[in-house]
Amino acid sequence: MFKDDPKTLVSTKWLADHLNSPDIRIFDASWFLDEDERDGRAEYEVGHIPNARYFDIDDVADHRSDLPHMAPPIEKFMSRMRKLGVGDGHQVVVYDSAGLFVAARVWWLFRLMGKNDIAVLDGGLPKWIADGYPVEDMAPIIRDRHMTVSRQAHLIKDVTQVAAASKLGDYEIIDARSPERFYGREAEARAGLRSGHIPNSKNVYYADLLNGDGTMKDNVKLKAVFDGAGVDLSKPVIASCGSGVTANIVTLAMSRLGHHNHSIYDGSWSEWGIPSDLKIETE
């Protein structure tokens, strides 16, 4: 049975019941790959959950890096959130128009900044609309709000840390990409990247954690997915993917299972896959 949890995942009914609460802040984080030829911000402007603000993962990012949407410095995060009227004392709910895709990235980013009062809307905008709840095209009234941030360094890993974990085997490294990409049978969409996976990593395709309507599977089915991939949930986990987005669906699922000792390899395959002396495997 689904259980609403304002620190991980909430239902459309929960959000509808709390929609007019003065301390609720809602984000639409819709974002698409280039090949989708869709514009998340443009779609937000056409229709979004009432009072939602748009969260752009490519804007709230570290632009000093050549890698896509890397986690921003604390100062930039605070500045952007203040402009969006989100701060201390707010309960945040984030969704996207794919069901459950980019929203988990924003959930992790808030937690990285020490803000745990954030949940992903289960099933996102499609389920909200399917359940008969309203959308609007009006921009919300935004007032500045102070935010206190404390970066949680244990929630993020760099390439050196991941390389050490791959060699030592003291972490479970989970790759959320499709099996075709994990095993190097399908070329990477980003030009110039090698195909394959990090040595000693395991494949948990993010789509296998979701139901057909974009909601997250129940805990029994989630556990079965991790067990089927040979993941030892007694060990700490580093989650990876193509560019640090869908890896967060893995950690969100793990949090639903009560496993909180996990982190994200922010560079993910966008960094590891660059031609270098970093080893890769295809078996």
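Above this text sits the structure in question.
Reading the values: rules and limits
Residues numbered from 1 in each chain as written. Predicted model: local features only at pLDDT ≥ 70, side-chain atom pairs only at ≥ 80, totals over all residues. Heavy atoms only, no water. Pairing = 2+ DSSP bridges. Helix = DSSP H or I, 4+ residues; strand = E, 2+ residues; numbered from the N terminus. Contact = heavy atoms within 4.5 Å. Axes fitted to C-alpha atoms, helices over the stretch in contact; angles between N-to-C directions. Phe/Tyr/Trp six-rings, centres within 6.5 Å; stacked < 30°, edge-to-face > 60°. Buried < 20%, exposed > 50% of the residue type's maximum accessible area, 1.4 Å probe, protein only. Lys NZ or Arg CZ within 6 Å of the ring centre and 35° of its normal. Parallel < 35°, antiparallel > 145°, perpendicular 65-115°, else oblique. Left-handed = near helix turned anticlockwise from the far one by under 90°. Nonpolar A, V, L, I, M, F, W, Y, C, P; charged D, E, K, R; others polar.

**Student:** What am I meant to see in the sheet that holds strand E5 (residues 118-121) here?
**Tutor:** Whether parallel or antiparallel, the strands of a sheet pair through hydrogen bonds between backbone atoms. Read from one edge to the other, the open sheet built from five strands follows the order E1-E5-E4-E2-E3, with strand pairing classed as parallel. The open sheet has two edge strands, strand E1 (9-10) and strand E3 (53-54), and neither has a second partner. In this sheet, E5 lies alongside strand E4 (residues 91-95) in parallel orientation, the contact comprising three bridges. Looking at the pairing, Val93 lines up with Ala119 of E5. Along the sheet, helix H4 (residues 103-112) contacts strand E2 (24-28), E4 and E5; its crossing angle with E5, the most-contacted strand, is approximately 175°.

**Student:** Before we go on, may I ask you to explain the packing of aromatic side chains in this structure?
**Tutor:** To describe a pair of aromatic rings, one takes the distance between the centres and the angle between the planes. Across all of its chains, the model carries 11 aromatic pairs by this definition. Judged by centre distance (5.2 Å) and plane angle (70°), the ring pair of Phe27 and Phe55 falls under edge-to-face. In this pair, Phe27 sits in strand E2 while Phe55 sits in the loop between E3 and helix H3 (74-83), placing the two residues 28 residues apart along the sequence. The same class applies to Phe27 as to Phe55, namely buried. A ring pair is formed by Tyr265 and Trp272, whose centres lie 6.4 Å apart and whose planes are at 85°; its orientation type is edge-to-face. On the basis of relative accessibility, which here comes to 3%, the residue Trp272 falls in the buried class. Through successive ring pairs, a cluster of aromatic residues spans Phe27, Phe55, Phe77 and Phe110. Taking the ring centre of Trp269 as reference, the NZ or CZ of Arg177 above it sits at 4.4 Å. Arg256 extends its terminal NZ or CZ atom over the ring of Phe2, reaching a point 4.9 Å from the ring centre.

**Student:** Looking at this structure, I do not really get the packing of helix H8 (residues 219-228) against helix H9 (residues 247-256). What am I missing?
**Tutor:** To describe two helices that pack against each other, one gives the angle between their axes and the distance between the axes. Two elements in contact, H8 and H9, have axes whose closest approach is 10 Å; the angle formed by their N-to-C orientations is 125°. Accordingly, the angle class assigned to the pair H8 and H9 is oblique. For the crossing formed where H8 meets H9, the hand is left-handed. Between H8, through Asn219, Leu222 and Phe226, and H9, the contact on the second element is made entirely by Val250, Ala253, Met254 and Arg256. A per-class count over the contact of H8 with H9 returns five nonpolar, one polar and one charged.

**Student:** Sorry if this is basic, but what is going on with the pairing of E2 here?
**Tutor:** On a regular strand, each side chain points to the face opposite its neighbour's, so the side chains alternate between the two faces of the sheet. Across the five residues of E2, five count as buried, placing the element largely inside the fold. Where burial is concerned, the two faces of E2 agree: the one with Ile24, Ile26 and Asp28 and the one with Arg25 and Phe27 are both buried. By the bridge criterion, five bridges tie E2 to E4 in an arrangement that is parallel. When the bridges of E4 are listed, Arg25 appears paired with Val92. As judged from the two bridges shared by E2 and E3, these two strands associate in the parallel manner. Residue Phe27 lies in a different strand from E3, and its bridge partner there is Arg53.

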